[in-house]
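Notes for the structure review
Residues per chain are reported as follows:
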Amino acid sequence: MARMIQLDETVRVSNSVVTVGTFDGVHAGHRVLIQKVVNTARQRGARSVIVTFDPHPREIIDPGASGIRLLSTLSERCELLADIGIEEMVVIPFDRDFSLMDSETFLENVIWRRIGVSEFVIGYDHQFGRDRSGTIETVQQVGKRIGFDVSVVSRQEVGDRTVSSTTIRKALQDAGDVRLASRLLERDYRLNGTVVHGDSRGKEIGFPTANIQPEDVRKVIPKRGVYAVLVRIEGEYHGGMMNIGIRPTFHGEKERLEVHLFDFDEEIYGIRLQVRFVERVRDEIPFSGVEELKERLKQDRTVCKRILSEKE
């Protein structure tokens with residue numbers, strides 16, 4: 001597991017390979033840059049570091065984007081970075097004052113003096129700092145002046161893996177297209193949360209569910225509907241089907257995330273788990289009554305089990 005630490009907790013290590021970005025979702029385009037950091041650090045015998053921000057910079061810079069949703073919470077991001085091989089994720093609290101820092105000051109005072117850097121990795125189109133004035137040329141000039149190397153990930157290296165977090169958010173929120181999201185992410189879309197008490201309605205009709213409270217209210221929730229999912233509980237995966245919605249058959253109003261786990265009857269209230277979305281099965285629709293709902297849930301269970309068996 002990569003270490004997630006705040007900027008004021010970091011220990012300066014001069015031999016560090018560093019890159020900077022929000023990396024929301026850690027999608028296919030991000031992975032090219034991140035893998036470059038990992039490989040370079042290994043070659044240099046250096047520490048590999050990702051510097052990221054919370055909240056999302058757009059929430060501060062563009063007040064109109066204050067409702068931005070996250071593809072990955074900080075803990076999810078850290079786990080994904082660790083899977084690639086990153087050793088440390090440094091989180092910078094992003095506020096209005098920080099947004100006014102120019103790129104050269106950021107490189108010198110934060111990256112060089114606070115974190116330490118022997119090589120800085122930057123994408124071919126990345127800009128940062130106040131008014132996005134920091135460019136490849138800025139980094140190269142500062143690196144030459146104070147003493148660190150610069151590596152540029154070219155457009156050719158990224159190739160057809162150029163995707164955006166915005167594209168993935170749209171696929172999930174507008175269409176619930178978790179298959180498209182998984183292709184762009186190069187992994188299943190995931191959600192971490194805690195099991196909380198519900199009203200036991202599912203148990204009463206023979207389909208007990210775990211109600212999931214996402215660990216961050218800013219997390220992107222796929223479009224309402226039924227999904228085939230894999231759920232990780234204490235390191236083990238279980239197949240299931242998740243409903244996202246208001247349960248119109250019961251005249252619900254509040255959106256809920258409920259997962260029915262196959263062949264599972266353990267008590268898991270208060271347990272932290274992870275949901276991985278495999279495929280969208282259908283929209284959330286109202287039924288005439290409980291019996292019609294139960295029949296459809298049986299069909300959904302059969303479909304989801306088939307989908308998950310084909311994934312194995």
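Note: the structure precedes this text.
What comes next concerns the included structure. Please read these numbers as outputs of a predicted model, since none were measured by experiment.

What counts and what doesn't
- Residues numbered from 1 in each chain as written.
- Predicted model: local features only at pLDDT ≥ 70, side-chain atom pairs only at ≥ 80, totals over all residues.
- Heavy atoms only, no water.
- Helix = DSSP H or I, 4+ residues; strand = E, 2+ residues; numbered from the N terminus.
- Contact = heavy atoms within 4.5 Å.
- Areas by Shrake-Rupley, 256 points an atom, 1.4 Å probe, with all protein chains shown as cover.
- Lys, Arg positive; Asp, Glu negative; His and termini not counted.
- Charge placed at Lys NZ, Arg CZ, Asp CG, Glu CD.
- Axes fitted to C-alpha atoms, helices over the stretch in contact; angles between N-to-C directions.
- Parallel < 35°, antiparallel > 145°, perpendicular 65-115°, else oblique.
- Left-handed = near helix turned anticlockwise from the far one by under 90°.
- Nonpolar A, V, L, I, M, F, W, Y, C, P; charged D, E, K, R; others polar.
- Pairing = 2+ DSSP bridges.
- Patch = residues over 30% accessible without salt bridge, like charges linked within 9 Å, V, L, I, M, F, W, Y side chains within 5 Å.
- Salt bridge = Lys/Arg side-chain N within 4 Å of Asp/Glu carboxyl O.
- Buried < 20%, exposed > 50% of the residue type's maximum accessible area, 1.4 Å probe, protein only.
- Phe/Tyr/Trp six-rings, centres within 6.5 Å; stacked < 30°, edge-to-face > 60°.
- Lys NZ or Arg CZ within 6 Å of the ring centre and 35° of its normal.

1. Some words on the overall build of the protein chain
- When helices and strands are tallied, the protein chain shows eleven helices and twelve strands.
- Look at the contacts in the protein chain between residues 6 or more apart in sequence, and 76% of them connect residues 24 or more apart.
- Put simply, the protein chain shows about 14900 Å² of open surface, and 46% of that area lies on carbon and sulfur atoms.
- The protein chain carries 46 positive and 49 negative side-chain charges, and their two centres are separated by 2 Å.

2. Some details on the packing of helix H8 (residues 165-175) against helix H9 (residues 178-185)
- Their axes nearest at 8 Å, the elements H8 and H9 cross at an angle of 160°. Comparing the axis directions of H8 and H9 gives the class roughly antiparallel. You can see that H8 and H9 cross each other, and the crossing is left-handed. Of H9, the residues touching H8 (which contributes Thr167, Ile168, Ala171 and Leu172) are Val178, Leu180, Ala181, Leu184 and Leu185.
- For the contact of H8 with H9, the residue count by class is eight nonpolar, one polar and no charged.

3. Describing the sheet that holds strand S9 (residues 225-233)
- In spatial order, the strands read S7-S8-S11-S10-S9-S12; together these six strands close into a barrel with antiparallel pairing. Ignoring strand direction, the axes of neighbouring strands in this sheet form an average angle of 45°.
- Of the strand pairs in this sheet, S9 and strand S12 (residues 272-282) are connected by eight bridges, and their pairing is antiparallel. When the sheet's bridge partners are listed, Arg232 is paired in S12 with Gln274.
- Each of strand S7 (189-196), S9 and S12 touches helix H3 (residues 74-84); the most contacted strand, S7, lies at about 135° to it.
- Sheet strands in contact with H9 are S7, S9 and S12, and its direction is about 120° off that of S12.

4. Examining a negative patch on the surface
- Together, Glu234, Glu236, Asp265 and Glu266 line one region of the surface with negative charge.
- Tracing the backbone through its elements, the reader meets Asp265 in the loop between strand S11 (256-261) and S12.
- The class of Asp265 is exposed, set by a relative accessible area of 76%.

5. As for the sheet that holds strand S5 (residues 119-123)
- The six strands lie next to each other as S1-S4-S3-S2-S5-S6, forming an open sheet whose pairing is parallel. The open sheet has two edge strands with one neighbour each: strand S1 (3-6) and strand S6 (149-153). The sheet shows a mean angle of 25° between the axes of neighbouring strands, direction not considered.
- Across the sheet, helix H5 (residues 103-115) lies against strand S2 (16-20), strand S3 (47-54), strand S4 (88-93) and S5, angled at about 140° from S2, the strand it touches most.

6. Structural notes on the packing of aromatic side chains
- Inspection of every chain in the model, using the stated rule, returns eight aromatic pairs.
- Here Phe98 and Phe106 contribute two aromatic rings whose centre-to-centre distance is 5.9 Å and whose plane-to-plane angle is 90°, an arrangement assigned as edge-to-face. Each of the two residues, Phe98 as well as Phe106, counts as buried.
- Clustering of aromatic rings is evident, with ring pairs tying together Phe53, Phe94, Phe98 and Phe106.
- Lying over the aromatic face of Trp112, Arg12 brings its terminal NZ or CZ to 5.1 Å of the ring centre.
- A cation sits over an aromatic face here: Lys305 above Phe262, 5.3 Å from the ring centre.

7. Remarks on unusual backbone geometry
- Following Asp54, the chain continues into Pro55 via a peptide bond in cis, with omega recorded as 0°.
- Following the sequence through the fold, Pro55 ends up in the loop between S3 and helix H2 (57-61).
- Phi at Phe23 takes a positive value of approximately 55°, unusual for a residue other than glycine.
- Residue placement: Phe23 occurs in the loop between S2 and helix H1 (28-44).
- With a relative accessible area of 5%, Phe23 lands in the buried category.
- For Asp263, which is not glycine, the phi torsion reads 50° and is therefore positive.
- Mapped onto the fold, Asp263 is located in the loop between S11 and S12.

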